[in-house]
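Here are the chains, one letter per residue:
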Amino acid sequence: MTLEQIVALAASGESETLEFKATTGRRREAAMTVCAFLNQGGGQVLFGVAPDRVVAGQQVSEHTIEELSAKLRQIDPPAFPAVERVPVDSGREVIVVSTGQGASRPYSYRGTAYRRVGNTTLAMSADEYNRLLFERMHSEQRWENQPLDGWSVDDLEEAEIRRTVAEAVRRGRLEEPVSRELSDLLRGLGLLRDGVLLRAAAALFGSTERLEFEMPQCLLRVARFRGVDRMEFLDNRQFNGNAFTLLANAERFLRDTLPIAGRFEEDRFERIDEPLYPPLATREALANALCHRDYSIGGGSVGVAVYDDRLEVTSSGPLHFGLTPESLFAPHESRPWNPLIARTFYRCGTIEEWGSGTLKMAELTGAAGLPAPEIEDDGGAVTVRFRHSQFVARPMPNDASGPEGRQQRILAMLDGVEDGLARREIRARLGPDVSERQLTRDLESLRERALIASSGHGASARWKRVRNSA
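Predicted model only: the values in this text are computed from it and were never measured.

### Regarding the pairing of strand 12 (residues 219–225)
And then number 1: Strand 12 sits mainly inside the fold: six of its seven residues count as buried.
And then number 2: As paired elements, strand 12 and strand 13 (residues 233–240) share seven bridges and run antiparallel to each other. Pairing of Arg221 across the sheet is with Gln238, part of strand 13.
And then number 3: Of the strand pairs in this sheet, strand 12 and strand 16 (residues 302–306) are connected by five bridges, and their pairing is parallel. If you follow Ala223 over to strand 16, its bridge partner there is Ala305.

As structure tokens, this is what we get:
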């Protein structure tokens, strides 16, 4: 570092990443600040710069550096910030102590952990210290990178492994394997270490039968509720299996359950029918849930709940690494709780870009004219919530000839017909199998539910669709 750079830093003033000390007589306070820098995003301490930003320097000897180094060695776990001497004039120097974010947070100095708030160094709260300590332990020893005791390659789904590797190679995200042996393919994915399978291999490729009994947390719960609360189920199912199986089951449930949303655009007469929520956005939410959930929670799962007014995707475990629901909708570093699982999803294209999932969801819902997704962290689970504000055409029942099926056909034929249809026109379109009595009952049922309305009297009456009804 040059003297000109020192002067420029001094002119900028103290900040969250920069602190001035007039002399190394303040080396104890400086060590506390270096500890805080290690716990956050790094920073620099300049000795020989006064608080008023004057670059005066100080006399520096080898003993001065030894005393400073002794203080820095009291930081635990051991850290090795760079110490640099920059000449000023008249034999005086500025000492620059620089460090980046530490790899083994939390750090403490003489038994106390510190953090930086603005240009002030403060003792870290017990909650924050425990959170950082938990995350450090997780990076070294977590559920997914532990040995998969009692399992062999034969307990995994061979076809899914080969498909995943082939797709990863096609996308250029994995080198062409030198061998087609399953053990070599798993080793290339980082799921086999020193000949031992890791738990991530089971979460990604395990057979459903074995997962159901040995890893019940590899579970997907899906439900369709009537209305906007959980008072009445219309559908309620559970699926056991690996992450790829659960993702496929979740997407199939949404295709079968979610209605079609209709909208009108200017200069177009016909209604545009689209999925209620963008499928790419819901897929991203499901993939994120499977990557970031806490598999160490024995009763954990991924949940998909469909209500009349919203869709919720929930995963077990809280947000980590200091992330908040708000920060997820700004550019952020991708730090998945299960990096082995997330990396496999990325390699085969299940997720496309690191750290962009929530941004992509917001972009897709915005393009569809929907509100941005909401994210809620209640400490025990994270929920991604999609809401809609469009007209929804209910899905056609399996029995199209029954009352519900006929009524859905009536609603469909009235959609987009501004002047409505006369009774005779409706019956003609329904066909000869529908009697006058059946049609009368169907029209009255739909009118009582405020889904249609009539104008006029007798044979000249016309029936119209009531807009904004579900």
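Back to the write-up after that little detour.
### Points about the pattern of salt bridges
And then number 1: Per the stated rule, a full pass over the model turns up 33 salt bridges.
And then number 2: Glu19 is the salt-bridge partner of Lys21, the closest N and O atoms lying 3.1 Å from each other.
And then number 3: Residue Glu19 is classed as buried on the basis of its relative accessible area of 6%.
And then number 4: Between Arg187 and Asp184 there is a salt bridge whose closest N-O contact spans 2.5 Å. In this pair, Arg187 and Asp184 are both assigned in helix 6 (residues 182–188), three residues apart and thus about one turn of the helix distant.
And then number 5: Overall, Asp184 belongs to the partly exposed group, its relative accessible area being 27%.
And then number 6: Several salt bridges converge on common partners, so that one network encompasses Asp309, Arg310, Glu312, Glu374, Glu376, Arg385 and Arg387.

### A look at the sheet that holds strand 8 (residues 112–117)
And then number 1: Spatial ordering of the open sheet is given by 4-7-8-9, a layout of four strands whose pairing is antiparallel. Looking at strand neighbours, the two that pair on one side only are strand 4 (75–76) and strand 9 (120–123), the edges of this open sheet.
And then number 2: Strands strand 4, strand 7 (108–109), strand 8 and strand 9 of the sheet are contacted by helix 2 (residues 27–39), whose axis makes an angle of about 75° with strand 8.

The rules we used
Residues numbered from 1 in each chain as written. Predicted model: local features only at pLDDT ≥ 70, side-chain atom pairs only at ≥ 80, totals over all residues. Heavy atoms only, no water. Buried < 20%, exposed > 50% of the residue type's maximum accessible area, 1.4 Å probe, protein only. Helix = DSSP H or I, 4+ residues; strand = E, 2+ residues; numbered from the N terminus. Pairing = 2+ DSSP bridges. Salt bridge = Lys/Arg side-chain N within 4 Å of Asp/Glu carboxyl O. Contact = heavy atoms within 4.5 Å. Axes fitted to C-alpha atoms, helices over the stretch in contact; angles between N-to-C directions.

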